[in-house]
Amino acid sequence: MLSFEIDLWGRLRRATEAARANLLSAEENRTAVVTTLVSDVAIAYSTLRELNYELEISKRTHDTRRTSLQLVQARQGGGVATLLDLRQSEQLVFTAAETIPALQQQVEQTENQITLLLGKNPGEVIRQGQFNEDLFSPEVPAGLPSTLLERRPDLRAAEQNLIAANAEIGVVRAAYFPQLSLSGILGGQSAQLSSLFSAPHTAWSFVPQITQPIFTVGRLRSNVRLAEAQRDSALVQYQKAIQIAFTEVSNALIAHQRVRESRVQQEALVVALEDRKQLAYTRYAGGVDTQLNALDADRDLLRAELDLRQIKLNELLSVVQLYKALGGGWQ
């Protein structure tokens, strides 16, 4: 039994166009998932490296404070330092020691997050290179063209949805017109392929069939209106996707610029606090200044160093967000 329809009014052509657009939309949605996955892995790995460096800072600070505690203990034993000085030094040591397990927990949980994104079992994630070298984000070139947004998979998916919705209007409109189909019956007695089409073993009979549409209570007209409404909705979604794309790119560029400015100021603050801490402990060791100033300088430096690491991480993450907003970077 063979049958085919003569596409007099373009119904099949428009249906094929809609099906192709729906297929391309699904493919773009898959690409969007891949882009999001790449971004999530980059964010998690950058966070992991930043946590590693914070852990190094905490361990180094803990060792430094233990050395200072030994000095205070010696001074207190010699009657130079008071018991209050000793307890304040112990407080700094215990504070630094307390942050180490918390950071180790975050490191291990972030590793599990990365392995989950990669589809692997929980385990250690191999680090590449030194974190200080990797941390500096790539330079974002000036004058990025807006045509880069055409690569965004969500925009391309919305565009294909609009194409499919527009093609569906042609499909439902064709229901107003009759459909002409041909049916052919092939009968044969021979099983040999070579004699399949040789007489008298075969007989063909083509029967044309015309299907007239039946207008019932405006159903066809309502179907057309529904298709047009769906097309209008797809158009609005496409316009909304474009607005969201421009907003995300703008936000990523603003974040990258402002975070970089903040990082420069924070680096200057860390340099100043390092000098302050060195001078404070030198004055305290020489008996010129109190221990309180030295302890304050130590605490301020640790907090500033951790803040600097967080700012540098945010700078790097702003580049990742820009990569995602542009649909895969600016190359």
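Residues numbered from 1 in each chain as written. Predicted model: local features only at pLDDT ≥ 70, side-chain atom pairs only at ≥ 80, totals over all residues. Heavy atoms only, no water.

1. Describing the layout of surface pockets
As a reminder of what qualifies: We place a 1 Å grid over just the protein atoms. Points where a 1.4 Å probe fits but has no way out form a cavity, open points with protein on both sides within 12 Å along at least 5 of 7 lines form a pocket, and any residue with an atom within 4 Å of a point lines it. Grid points are joined across faces, edges and corners, and a volume is the space filled by probe spheres set on the points. Gly is placed with the polar residues, together with every amino acid not listed as nonpolar (Ala, Val, Leu, Ile, Met, Phe, Trp, Tyr, Cys and Pro) or charged (Asp, Glu, Lys and Arg).
The space that makes up the largest pocket amounts to roughly 200 Å³. Considering the residues around the largest pocket, the lining is formed by Ser146, Thr147, Leu149, Glu150, Leu155, Arg156, Glu159, Gln160, Tyr238, Ile242, Ala245 and Phe246. Of the residues belonging to the lining of the largest pocket, the class tally is six nonpolar, three polar and three charged.

2. Thoughts on the nonpolar core
Convention followed: For the purposes of this section, nonpolar cores are sets of buried Ala, Val, Leu, Ile, Met, Phe, Trp, Tyr and Cys residues that join through side-chain atoms within 4.5 Å. Partly exposed describes any residue whose relative accessible area lies between the buried limit of under 20% and the exposed limit of over 50%, with all areas from a 1.4 Å probe on protein chains only and scaled to the type maximum. Strands are runs of DSSP state E lasting at least 2 residues, helices are runs of H or I lasting at least 4, and numbering of each runs from the N terminus. The contact criterion used is simple: two residues touch if any of their non-hydrogen atoms lie within 4.5 Å.
One finds Leu149, Leu155, Val249, Leu322, Leu326 and Trp330 to be the most contacted residues of the largest nonpolar core, which totals 14 residues. Mapped onto this core, the elements with two or more residues apiece are α4 (153–173), α5 (219–285) and α6 (291–325). Counting residues per element, this core draws most heavily on α5, at four residues. Sequence-distant contacts of Val249, defined by excluding residues within four places in its chain, comprise Leu149, Leu322, Ala325 and Leu326. If you look at the next biggest cluster of nonpolar residues, it comprises 12 residues, including Ala81, Leu92, Tyr281 and Leu295.

3. Examining α4
Basically, it comes down to this: Multiplying 1.5 Å by the residue count of a helix minus one yields the expected span of that helix.
The first and last C-alpha atoms of α4 sit 31 Å apart over 21 residues, in line with the 30 Å expected at 1.5 Å per residue. Every buried residue belonging to α4 is among Pro153, Leu155, Ala157, Ala158, Gln160, Leu162, Ala164, Ala165, Ala167, Ile169, Gly170 and Val171, and all of these are buried. In this structure, the buried residues of α4 make contact with α1 (11–77) and α5.

4. Looking at the environment of Thr64
As for its position among the elements, Thr64 is in helix α1. Between the C-alpha atom of Thr64 and that of Ala96, which follows or precedes it by 32 residues, the distance is 10.0 Å.

5. Brief notes about the side chain of Asn52
What counts is decided by this rule: In protein, a polar contact means a hydrogen-donor-capable atom and an acceptor-capable atom, both N or O and within 3.5 Å, with residues adjacent in sequence counting only if both atoms are side-chain atoms; elsewhere, any N or O pair within 3.5 Å suffices.
Examined against the element boundaries, Asn52 turns out to sit in helix α1. In this structure Asn52 comes out as buried when scored by relative accessible area, which is 16%. Looking at Asn52, its side chain comes within polar contact range of the side chain of Arg127, at 2.9 Å. Here Asn52 is in contact with Val107 and Arg127, once residues within four sequence places are set aside.

6. Some points on the pattern of salt bridges
Test applied: Only one rule defines a salt bridge in this text: a Lys or Arg side-chain nitrogen within 4 Å of an Asp or Glu carboxyl oxygen.
Overall, the coordinates contain 19 salt bridges when judged by the stated rule. Salt-bridge contacts for Glu27 lead to Arg30; the nearest nitrogen and oxygen are separated by 2.9 Å. Of the two residues, Glu27 and Arg30 are both situated in helix α1; the distance of three residues between them amounts to about one turn of the helix. Its relative accessible area of 38% is what places Glu27 among the partly exposed residues.

7. What about the confidence of the model for the chain?
What counts is decided by this rule: Note on scores: pLDDT gives the predictor's confidence for each residue, bounded by 0 and 100.
Averaged over every residue, the pLDDT of the chain is 81; the share at 70 or more is 83%. Per-residue pLDDT stays below 50 along residues 187–197; that stretch engages in 13 contacts with residues further than four places along the chain or on separate chains.

8. Section: the packing of α1 against helix α2 (residues 83–117)
Here is the rule we go by: Axis definition: a line fitted to C-alpha atoms, limited for helices to the stretch in contact. Angles are taken between N-to-C directions and run from 0 to 180 degrees. Roughly parallel refers to an angle under 35 degrees, roughly antiparallel to one over 145, roughly perpendicular to one between 65 and 115, and oblique to any angle outside these ranges. Crossings are assigned a handedness: left-handed for a near helix turned anticlockwise from the far helix by less than a right angle, right-handed for a clockwise turn.
Contact geometry of α1 with α2 gives a least axis separation of 8 Å together with a crossing angle of 160 degrees. Of the possible angle classes, the one that applies to α1 and α2 is roughly antiparallel. Once α1 is placed against α2, the crossing between them reads as left-handed. Here the residues of the contact of α1 with α2 are counted per class, giving 20 nonpolar, 12 polar and eight charged.

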